[in-house]
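Structural overview
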Amino acid sequence: MPAPRVRIAPSPTGPLHIGTARTALFNYLYARRTGGTFVLRLEDTDLARNTIAFEEDILENLHWLGIGWDEGPDSAGGEDHGPYAPYRQMQRTADHVAAAKDLLARDLAYPCYCTPEELDADRKAQEAAHEAPHYVGRCANLTPEERSEREAAAKRPAVRFRVEQGVVGWHDLVRGDVEFDTANIGGDFLIVRSDGSPLYHFAVVVDDASMEMTHIIRGEDHISNTPKHILLFEALGHEIPKFAHLPLILNPDRTKMSKRKSQTAVADYRAQGFLPEALVNFLSLLGWSTGTEEEILSLDDIAGRFDLEHVQKGGAIFDKDRLEWLNGQWIRKLEPEDLIERLLPFLEADHQAGRIDRVPTAEELRPLIPIIQERLPTLASAGDLVGFLWQDKVTVDPAVLVPKRWDAATTLAGLRAARETISSSTAPIDFEADELEPPMRALAEARGWKAGDLFMAVRVAVTGRTATPPLFDSLVALGRDRVLARIDAAIDTLERSEDAA
Ligand code: GLU
């Protein structure tokens, strides 16, 4: 058996979609597992909707995920590499034209002169008669004279492929035996439009045939196209590749995942601080499983174990909570220096957006890693967690500052006493977490306060928020002067709001 050749054939009409990334991943894994070749071909025939920016988004984000291809375009708008170049469909039109000519010459296809109005009327009549839409065969058996007449009337024909009655079946590597009665595929179908451009079904098969694809691994939404593709492979005299249709990706309510209802662009997950390791891990489990309980798998682990036998038939639920959990797990596994490097661009973005007043240095981040690494759900959440460290001032909402069981007066008393403890304890407190905590606990006890309430008031005063890393670590990171200044500012804010009340 020749080494497998598989491909992903994205259309650059939108950003890299989660579903396309999953299909790319499974093809990539299949090639790696079997010693095969993974090809990327751009199906760029939709001139109205293609853009270079989408091409860039697709190639760049596949690279980011670690999904590399053996043959295909090197970069957006750039060169191709591989023995079957070009890998952009628009540059292969000569092949498509030649294949259509060949089918016409062998009468496996014929010129079709039907106008859009005629086809529309057919469709309406079929609808009225409750028939499934199909081509009525108006041009299927025209005599050479009838054709010449139409050509003379300056009608440019489309090309239609003849579909004989019968059954088309294949052994799907995921779904098992699948059969379609050709009566249900809509009759003779168009392969070339009257303007000479090939339709998807035709271009994809001509390209898959000439690129010697052995396996077509793609989403289940293509399953109804496969009978047409098989008929075309046969007509072109090409061996029929094996097919594997991957389960649909569904929302938790089992509706189809769509741009409208869910976040589908890989770039958006990236911008939110998901790690490529986590996303690839998650995507691999969208329809495939190891057959064990193991969930945290690197791309190499997965590549060593991937098989189509463990791909499920039923829809794969996109569970965002699981993705977030996996992302947290992957963040915990990073080396501190690696984490720092990955966090910095997100803090840059926080700075650009005005959420923090300056970007910390790697040196400043280093001592924080032990307190944040365990707590980050995403890289982008670092700003939420410890952004108060790089804000000149924090905004304190008096309503949040007053702990639930306290009133404003107690909060003011608590903050003043805490300030006192922190600033002027007799033995100067080394500003270390371990040394700050006991005197603050003692203070709470002496005044009959719950330590949790006192700590919450101080936390909100110095950070502006209720959820932070442990309080004393946060105080140490801020440093004594800023802690005192912020407590003073919070006292001031609360006093003013009381005066105003
Ligand atoms: N361009 C098609 C798509 O993105 C390719 C389908 C196929 O794999 O045959 O859906």
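One can find the structure itself at the top, above this paragraph.
We now turn to the structure provided with this report. (Residues numbered from 1 in each chain as written. Predicted model: local features only at pLDDT ≥ 70, side-chain atom pairs only at ≥ 80, totals over all residues. Heavy atoms only, no water.)

**Things to note about the environment of Gly186**
- Here Gly186 is to be found in the loop between strand S8 (176-181) and strand S9 (189-192).
- Placed 50 residues apart in sequence, Gly186 and Val136 show a C-alpha to C-alpha distance of 9.2 Å.
- Setting aside its immediate chain neighbours within four residues, Gly186 contacts Pro133, His134 and Tyr135. (Helix = DSSP H or I, 4+ residues; strand = E, 2+ residues; numbered from the N terminus. Contact = heavy atoms within 4.5 Å.)

**Some points on the site of the ligand**
- Close to the ligand lie Arg7, Ala9, Ser11, Glu43, Tyr200, Val204, Arg218 and His222, which account for all nearby residues.
- Residue Ala9 places a main-chain N or O atom 2.7 Å away from a nitrogen atom belonging to the ligand.
- When the ligand sits alone it has 300 Å² of accessible area, and the protein chains cover 78% of it.
- A per-class count over the shell around the ligand returns three nonpolar, two polar and three charged. (Near = heavy atom within 4 Å. Polar contact = N/O pair within 3.5 Å; in protein donor to acceptor, adjacent residues only side chain to side chain. Areas by Shrake-Rupley, 256 points an atom, 1.4 Å probe, with all protein chains shown as cover. Nonpolar A, V, L, I, M, F, W, Y, C, P; charged D, E, K, R; others polar.)

**Examining unusual backbone geometry**
- Looking along the chain, the bond that leaves Ala85 and enters Pro86 is cis, with omega of 0°.
- Examined against the element boundaries, Pro86 turns out to sit in the loop between strand S4 (80-81) and helix H3 (93-105).
- With a phi angle near 55°, His130 is a residue other than glycine that sits in the positive phi range.
- Tracing the backbone through its elements, the reader meets His130 in the loop between helix H4 (116-128) and helix H5 (144-152).
- For His130, a relative accessible area of 74% gives the class exposed. (Buried < 20%, exposed > 50% of the residue type's maximum accessible area, 1.4 Å probe, protein only.)

**A short note on the state of the cysteines**
- Following the criterion strictly, the structure yields zero disulfides and no others.
- The closest cysteine sulfur to the non-disulfide-bonded Cys112 is located on Cys114, 3.8 Å from its own sulfur.
- For Cys114, a relative accessible area of 12% translates into the label buried. (Disulfide = S-S within 2.5 Å.)

**Things to note about the environment of Leu412**
- Mapping Leu412 onto the fold places it in helix H17 (residues 408-424).
- Separated by 401 residues in the primary sequence, Leu412 and Ser11 place their C-alpha atoms 62 Å from one another.
- Excluding anything up to four places from it in sequence, Leu412 contacts Ile491, Leu494 and Glu495.

**Some details on the pattern of salt bridges**
- In total, this model carries 32 salt bridges according to the counting rule given.
- The residue Asp338 makes a salt bridge to Arg342 at a minimum N-O spacing of 3.0 Å. Separated by four residues within a single helix, Asp338 and Arg342 lie in helix H12 (residues 336-352), roughly one turn from each other.
- In this structure, Asp350 and Arg355 form a salt bridge, with 2.8 Å as the shortest nitrogen-oxygen distance.
- On the basis of relative accessibility, which here comes to 46%, the residue Arg355 falls in the partly exposed class.
- Beyond isolated ion pairs, a larger network of salt bridges with shared partners links Arg7, Arg41, Glu43, Arg92, Asp95, Asp207 and Asp208. (Salt bridge = Lys/Arg side-chain N within 4 Å of Asp/Glu carboxyl O.)

**Quick notes on the packing of aromatic side chains**
- Taken as a whole, this structure holds 11 aromatic pairs when the rule is applied.
- For the pair Trp288 and Phe306, a centre-to-centre distance of 5.5 Å together with 40° between the ring planes defines the contact as tilted. Of this pair, Trp288 sits in the loop between helix H9 (276-284) and helix H10 (299-305) while Phe306 sits in the loop between H10 and strand S13 (316-317), and the two are 18 residues apart along the sequence. Neither residue differs from the other here; Trp288 and Phe306 are each classed as buried. (Phe/Tyr/Trp six-rings, centres within 6.5 Å; stacked < 30°, edge-to-face > 60°.)

**Looking at the side chain of Ser284**
- Within the secondary structure, Ser284 is located in helix H9.
- Exposure remark for Ser284: the relative accessible area of 0% places this residue in the buried category.
- In terms of polar contacts, Ser284 uses its side chain to reach the backbone carbonyl oxygen of Asn281, at 2.7 Å.
- Sequence-distant contacts of Ser284, defined by excluding residues within four places in its chain, comprise Leu25, Phe26 and Ile302.

**Describing helix H11 (residues 320-333)**
- Between its terminal C-alpha atoms H11 stretches 20 Å, which fits the 20 Å expected from 14 residues at 1.5 Å a residue.
- Those residues of H11 that fall on the buried side of the exposure criterion are Leu323, Leu326, Asn327, Gly328, Trp330 and Ile331.
- Its buried side turned inward, H11 meets helix H8 (266-271), H9 and H12. (Expected span 1.5 Å × (residues − 1).)

**Examining the side chain of Thr411**
- Along the polypeptide, Thr411 turns up in helix H17.
- Judged by its relative accessible area of 0%, Thr411 falls in the buried class.
- Not counting residues within four places of it along the chain, the set of residues in contact with Thr411 comprises Leu401, Val402, Pro403, Trp406, Ala457 and Leu494.

**Observations concerning the sheet that holds strand S6 (residues 158-161)**
- Spatially, S5-S6-S9 is the arrangement adopted by the three strands of the open sheet, whose pairing is antiparallel. Edge positions in the open sheet fall to strand S5 (109-112) and S9, since each of these has one partner strand only. Strand-to-strand, the axes of this sheet are offset by a mean angle of 45°, without reference to chain direction.
- Pairing geometry for S5 and S6, over four bridges, is antiparallel. If you follow Cys112 over to S6, its bridge partner there is Ala158.
- Across the sheet, H3 is in contact with S5, S6 and S9; its angle to S5 comes to roughly 100°. (Pairing = 2+ DSSP bridges. Axes fitted to C-alpha atoms, helices over the stretch in contact; angles between N-to-C directions.)

**A short note on the packing of H3 against helix H6 (residues 200-210)**
- Here H3 crosses H6 at 100°, and the two axes come no closer than 10 Å. Considering their axes alone, H3 and H6 lie roughly perpendicular with respect to each other. Two secondary-structure elements touch here, H3 through Asp95, His96, Ala99, Ala100 and Leu103 and H6 through Phe202, Ala203, Val206, Asp207 and Ser210.
- Per-class residue counts for the contact of H3 with H6 are six nonpolar, two polar and two charged. (Parallel < 35°, antiparallel > 145°, perpendicular 65-115°, else oblique.)

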